[in-house]
Amino acid sequence: MPNWNPNWQDVRWDHGAATEAVAALRRAAAELDHAATERFRAALQATAEWRGVHRCTFDAGLQRSLAVARDLVRSYHAAAERIVQASQWARDEQHRRERERERWRRERDEEQSQPH
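Thresholds, definitions, all that
Residues numbered from 1 in each chain as written. Predicted model: local features only at pLDDT ≥ 70, side-chain atom pairs only at ≥ 80, totals over all residues. Heavy atoms only, no water. Helix = DSSP H or I, 4+ residues; strand = E, 2+ residues; numbered from the N terminus. Expected span 1.5 Å × (residues − 1). Buried < 20%, exposed > 50% of the residue type's maximum accessible area, 1.4 Å probe, protein only. Contact = heavy atoms within 4.5 Å. Polar contact = N/O pair within 3.5 Å; in protein donor to acceptor, adjacent residues only side chain to side chain. Core = buried A, V, L, I, M, F, W, Y, C linked by side-chain atoms within 4.5 Å. Phe/Tyr/Trp six-rings, centres within 6.5 Å; stacked < 30°, edge-to-face > 60°.

Draft legend 1. Focus on helix α1 (residues 15-46). An ideal rise of 1.5 Å per residue puts 46 Å on 32 residues; α1 measures up with 46 Å between its terminal C-alpha atoms. Taken as a whole, α1 has its buried residues at Ala18, Val22, Leu25, Ala29, Ala36 and Ala43. Buried residues belonging to α1 abut α2 (53-113). A side-chain oxygen of the first residue of α1 lies 3.2 Å from the backbone nitrogen of Gly16; this N-cap is Asp14.

Structure below.
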């Protein structure tokens, strides 16, 4: 018997749920980005002839809301990327464990085939 043991437990990761989460985050980011772009376009048209203090207040509020939208879009993309990376780590770790198990079995078989 080899004097070491591999990790016999499989990596627990729901790749299907991870894929769905990534897709949902990317869809949400795209929808939010589209909505912010449309909001900006509509604001440009609506304010083309607007002057005065209320216009400045409106512009400042619009810029704040667009900045929040941009931050959310970046956050959604970053979260999706973290899930993609975690999925890759889970696949890599599972493959590593399987290779170690196979190595352990080979060593065991070699030891058992040697005369005592």
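Still to come is the rest of the account.
Draft legend 2. Examining the nonpolar core more closely. With 5 residues, the main nonpolar core is built from Ala36, Ala43, Leu62, Leu66 and Ala69. Those elements that provide at least two residues to this core are α1 and α2. Per element, the largest residue contribution to this core is 3 residues, and it comes from α2.

Draft legend 3. The packing of aromatic side chains, seen in detail. Taken as a whole and judged by the stated rule, the model has 2 aromatic pairs. Ring geometry for Trp8 against Trp104: centres 5.3 Å apart, planes inclined by 85 degrees, an arrangement best described as edge-to-face. Of this pair, Trp8 sits in the segment before α1 while Trp104 sits in helix α2; the two residues are 96 residues apart in sequence, bridging distant segments of the chain. Where Trp50 meets Phe58, the ring centres are 5.3 Å apart and the plane angle is 45 degrees; that geometry is what we call tilted. Owing to a relative accessible area of 32%, Phe58 belongs among the partly exposed residues under this scheme.

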